[in-house]
Amino acid sequence: MTSVVKNPAAFAPRERPVLFHAGFVVVATAWLLGGMGRHGEWIVAALAAPAFYFIFSEARARLRGGDRDGLRRLLRWSAPLLLLAALVLASALNPSHRPAFIFDAYLLRPVPHVAWLPSSVDPAGSLRLLACLGGLIATGLSLAFCVQSRGGLRILVLVLALNALLLAVFGTVQRQTGAIGPYFGFVPAANPTWFSTFFYHNHWGAFASLSCAATLGLLFHSLRHVPDRGWQYGPGPLLTLGALLIAATAPLTSSRSATVLMLVLSVTATVVYLRSLLRSTRRHRRRVPVLGALTLVAVIVALGFIVATQSRDVLATRLTQTLTQLSATAPAGYSRADLYSDTWRMAADAPVFGWGLESYGLVFPRYSTVRPDINGVRGTFINAHSDWLQSLAELGSVGTLLLLAAAALPLVETLRHSRHHLGPLSSWLLGGCALLAAYAWFEFPFACPAVVAAWWVLFFTALRLAQLTPSEVGPHPRAPHSPISSGS
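Draft legend 1. Examining the overall build of the protein chain more closely. Assigned secondary structure in the protein chain consists of 17 helices and two strands. Counting over 488 residues, the protein chain shows a buried share of 50%. For the protein chain, contacts bridging at least 24 residues in sequence account for 74% of all contacts bridging at least 6. With the model as given, the accessible surface of the protein chain reaches about 23900 Å², and the carbon-plus-sulfur share is 68%.

Draft legend 2. Molecular detail of the nonpolar core. Judged by nonpolar contacts, the single largest core of 89 residues is most densely connected at Phe 207, Trp 456 and Phe 459. Ranked by residues supplied to this core, first place goes to helix α16 (residues 449-468) with 15 residues. Excluding anything up to four places from it in sequence, Phe 207 contacts Val 26, Ala 30, Asn 163, Ala 164, Leu 167, Phe 198, Ala 450, Val 451 and Ala 454. Leu 339, Trp 355, Val 370 and Ala 393 belong to the second-largest nonpolar core, a separate cluster that totals 15 residues.

Draft legend 3. Structural detail: a nonpolar patch on the surface. Nonpolar side chains collect at one region of the surface, where Val 114, Trp 116 and Leu 117 lie side by side and expose about 310 Å² of accessible area between them. Its location among the elements puts Trp 116 in the loop between β2 (105-110) and α5 (123-146).

Draft legend 4. Quick look at the environment of Leu 425. If you trace the backbone, Leu 425 turns up in helix α15 (residues 424-439). Residue Leu 425 is classed as buried on the basis of its relative accessible area, which comes to 4%. Remark: the alpha-carbon pair of Leu 425 and Ala 214, spanning 211 residues in sequence, is separated by 7.2 Å. Ignoring any residue separated from it by four or fewer positions in sequence, one finds Leu 425 in contact with Arg 154, Val 157, Ala 214, Gly 217, Leu 218 and Leu 465.

Draft legend 5. A look at the environment of Ser 276. For Ser 276, the location among the structural elements is in helix α9 (residues 256-283). The exposure class assigned to Ser 276 is partly exposed, which follows from its relative accessible area of 31%. C-alpha separation for the pair Ser 276 and Leu 223, spaced 53 residues apart in sequence, amounts to 9.3 Å.

Draft legend 6. Up close: the packing of aromatic side chains. Applying the stated criterion to the full structure yields 24 aromatic pairs. Within the aromatic cluster, the residues linked to one another by ring pairs are Trp 77, Phe 145, Phe 446, Trp 455, Trp 456, Phe 459 and Phe 460.

Draft legend 7. The arrangement of the pattern of salt bridges in detail. The final tally for this structure, using the stated rule, is 10 salt bridges. A salt bridge links Glu 41 to Arg 128, with the nearest nitrogen and oxygen atoms 2.7 Å apart. Within this pair, whereas Glu 41 is found in helix α2 (residues 37-48), its partner Arg 128 is found in helix α5, the two being separated by 87 residues in sequence. You'll find Glu 41 and Arg 128 in the same group, each marked buried. A salt bridge links Asp 342 to Arg 345; the shortest N-O distance between them is 3.1 Å. Note that Asp 342 and Arg 345 are positioned in helix α12 (residues 336-348) at a spacing of three residues, about one turn of the helix.

Draft legend 8. Inspection of the packing of helix α7 (residues 201-223) against helix α8 (residues 236-252) at higher detail. Where α7 meets α8, the axes come as close as 9 Å, and the angle between the chain directions of the two elements is 165°. In terms of orientation, α7 lies roughly antiparallel with respect to α8. As for how α7 packs across α8, the hand of that crossing is left-handed. Within the contact between the two elements, α7 uses Trp 204, Ala 208, Ser 211, Cys 212, Thr 215, Leu 216, Leu 218, Leu 219 and Ser 222 and α8 uses Gly 236, Leu 239, Thr 240, Gly 242, Ala 243, Ile 246, Ala 247 and Thr 249. Among the residues making up the contact of α7 with α8, the classes are represented as 10 nonpolar, seven polar and no charged.

Draft legend 9. Highlighting the confidence of the model for the protein chain. For the protein chain, per-residue confidence averages 84 on the pLDDT scale, and residues scoring 70 or more make up 79% of the total. Contacts from residues 472-488, a stretch scored under 50 in pLDDT, to residues over four places away or in other chains number 34 contacts.

Draft legend 10. A look at the side chain of Glu 394. With respect to the element layout, Glu 394 can be found in helix α14 (residues 387-418). No salt bridge forms around the buried Glu 394; measuring N to O, its nearest opposite-charge neighbour Arg 128 is 9.1 Å away. Among all residues touching Glu 394, those that are not within four sequence positions of it are Phe 353, Gly 354, Trp 355, Gly 356, Leu 357, Glu 358, Ser 359 and Tyr 360.

Draft legend 11. Broad picture of α5. In this model α5 runs 33 Å from its N-terminal to its C-terminal C-alpha over 24 residues, within 8% of the 34 Å that 1.5 Å per residue would give. The element α5 is largely enclosed, with a buried count of 20 among its 24 residues.

Draft legend 12. A look at unusual backbone geometry. Unlike most non-glycine residues, Phe 184 shows phi in positive territory, near 55°. Positive phi, close to 75°, is recorded for Ser 254, a residue that is not glycine. Positionally, Ser 254 belongs in the loop between α8 and α9. Given a relative accessible area of 16%, Ser 254 falls into the buried group.

Draft legend 13. Highlighting the side chain of Arg 73. Note on placement: Arg 73 falls in helix α4 (residues 68-92). Within the structure, the side chain of Arg 73 is placed 3.3 Å from the side chain of Glu 413, a separation counted as a polar contact.

Draft legend 14. Just the packing of helix α3 (residues 50-65) against α4, in detail. Relative orientation of the contacting elements α3 and α4 amounts to 150°, with a least axis distance of 8 Å. What the angle tells us is that α3 and α4 run roughly antiparallel. Two packed elements cross with a definite hand, and for α3 against α4 that hand is left-handed. Of α4, the residues touching α3 (which contributes Ile 55, Glu 58, Ala 59, Arg 62 and Leu 63) are Gly 70, Leu 71 and Leu 74. Tallied by class, the residues present in the contact of α3 with α4 amount to five nonpolar, one polar and two charged.

Conventions and cut-offs
- Residues numbered from 1 in each chain as written.
- Predicted model: local features only at pLDDT ≥ 70, side-chain atom pairs only at ≥ 80, totals over all residues.
- Heavy atoms only, no water.
- Helix = DSSP H or I, 4+ residues; strand = E, 2+ residues; numbered from the N terminus.
- Buried < 20%, exposed > 50% of the residue type's maximum accessible area, 1.4 Å probe, protein only.
- Contact = heavy atoms within 4.5 Å.
- Areas by Shrake-Rupley, 256 points an atom, 1.4 Å probe, with all protein chains shown as cover.
- Core = buried A, V, L, I, M, F, W, Y, C linked by side-chain atoms within 4.5 Å.
- Patch = residues over 30% accessible without salt bridge, like charges linked within 9 Å, V, L, I, M, F, W, Y side chains within 5 Å.
- Salt bridge = Lys/Arg side-chain N within 4 Å of Asp/Glu carboxyl O.
- Phe/Tyr/Trp six-rings, centres within 6.5 Å; stacked < 30°, edge-to-face > 60°.
- Axes fitted to C-alpha atoms, helices over the stretch in contact; angles between N-to-C directions.
- Parallel < 35°, antiparallel > 145°, perpendicular 65-115°, else oblique.
- Left-handed = near helix turned anticlockwise from the far one by under 90°.
- Nonpolar A, V, L, I, M, F, W, Y, C, P; charged D, E, K, R; others polar.
- pLDDT = per-residue confidence, 0-100.
- Lys, Arg positive; Asp, Glu negative; His and termini not counted.
- Expected span 1.5 Å × (residues − 1).
- Polar contact = N/O pair within 3.5 Å; in protein donor to acceptor, adjacent residues only side chain to side chain.

So this is what it looks like as structure tokens:
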């Protein structure tokens, strides 16, 4: 799609602030304990709020510049977020329950409300989570319309990759020195399986997986732009080492799922690299980088040995636990399948609009089939351990479809016009996002704002890179109006 822009320079001034803002939101959220907790979510919402100003300013500039196609696309891509916000706001104005204390017991009492409209069990929680989630989606969305430079986007990805590497080193040092909580025990650990600045190892695993995929994207991008002196004299070796160091934290955290995610990325990277070597040999376009391949193998073997040595106790414990769970004839207590079944029943009782955003922990006890222990204490869950099931329970089918549309609509439109121009960086970023979306069926990575921030920023970065990748025909990528005409 091509649109003529009367004043392309009007779009340039927002690029650097938008890139800086997106990077700052992801980096700050990760170091602020992942943005977890009520206070953390409000802080993240405040950090992400400038994105709404960037998007509004971009829409106004495109309207004044005559870029009607770009403006319509901006409105289309923003529509799912606006409709989701309207749904959550309507539910907050239509509370279905109110807290009450009866004989010192905390209960939820039903209150009169309009049953056929969206409603919420926790209106304050719904608004808080909407502010956080909406701001993070808008932060990613601003990249898709305000940035006109592929180089700027690559620098953003590099900054996020370096931040993840720093967090990985920080977490490893804390683990090896026996710290009892984040920041060397200065912050109490909310979960014994914390790592780096994250309270839960699976949240770090999800964040690290996205970052590792981004680093691998930069690595394979470097393979297409080899320096004259050879690949080993460019950024490739350092990017390889960075990806390996980030991946090496997965077994150290004792997270089995994170280890599996890193294995998937590692195997995929190895297969892609070997395939590129074979293709290069067949086509005889350039000399096969034998030295680079041998160096990569040596680094992988050395790092694998180091990881196995440093994490052997953790790996042995988790392996024993996994074999015990798999060999058990019947699940002890309350299994993950029971949790999913109870969550599905909760969602089925409010199939259209759900119980309200952030309502799961309050509503689920009435559906839980957890049996009390010998002391009469009955455990409960505040997360469904499946983000997709929890979304159905809280937002219903309508809200979940709107959340899906916020990603699916931009993805489909971009791939339709840029499917032949996805570079390695875009492909790896989208692959990492897809891997995490699949992982969310079995865990709750998106309960961590830092993971949500990284996901939306990297997702829209991938789409924007695909839009800005020059085609074989059409305007030159450095032409003033080509970024707008290439899919914005």
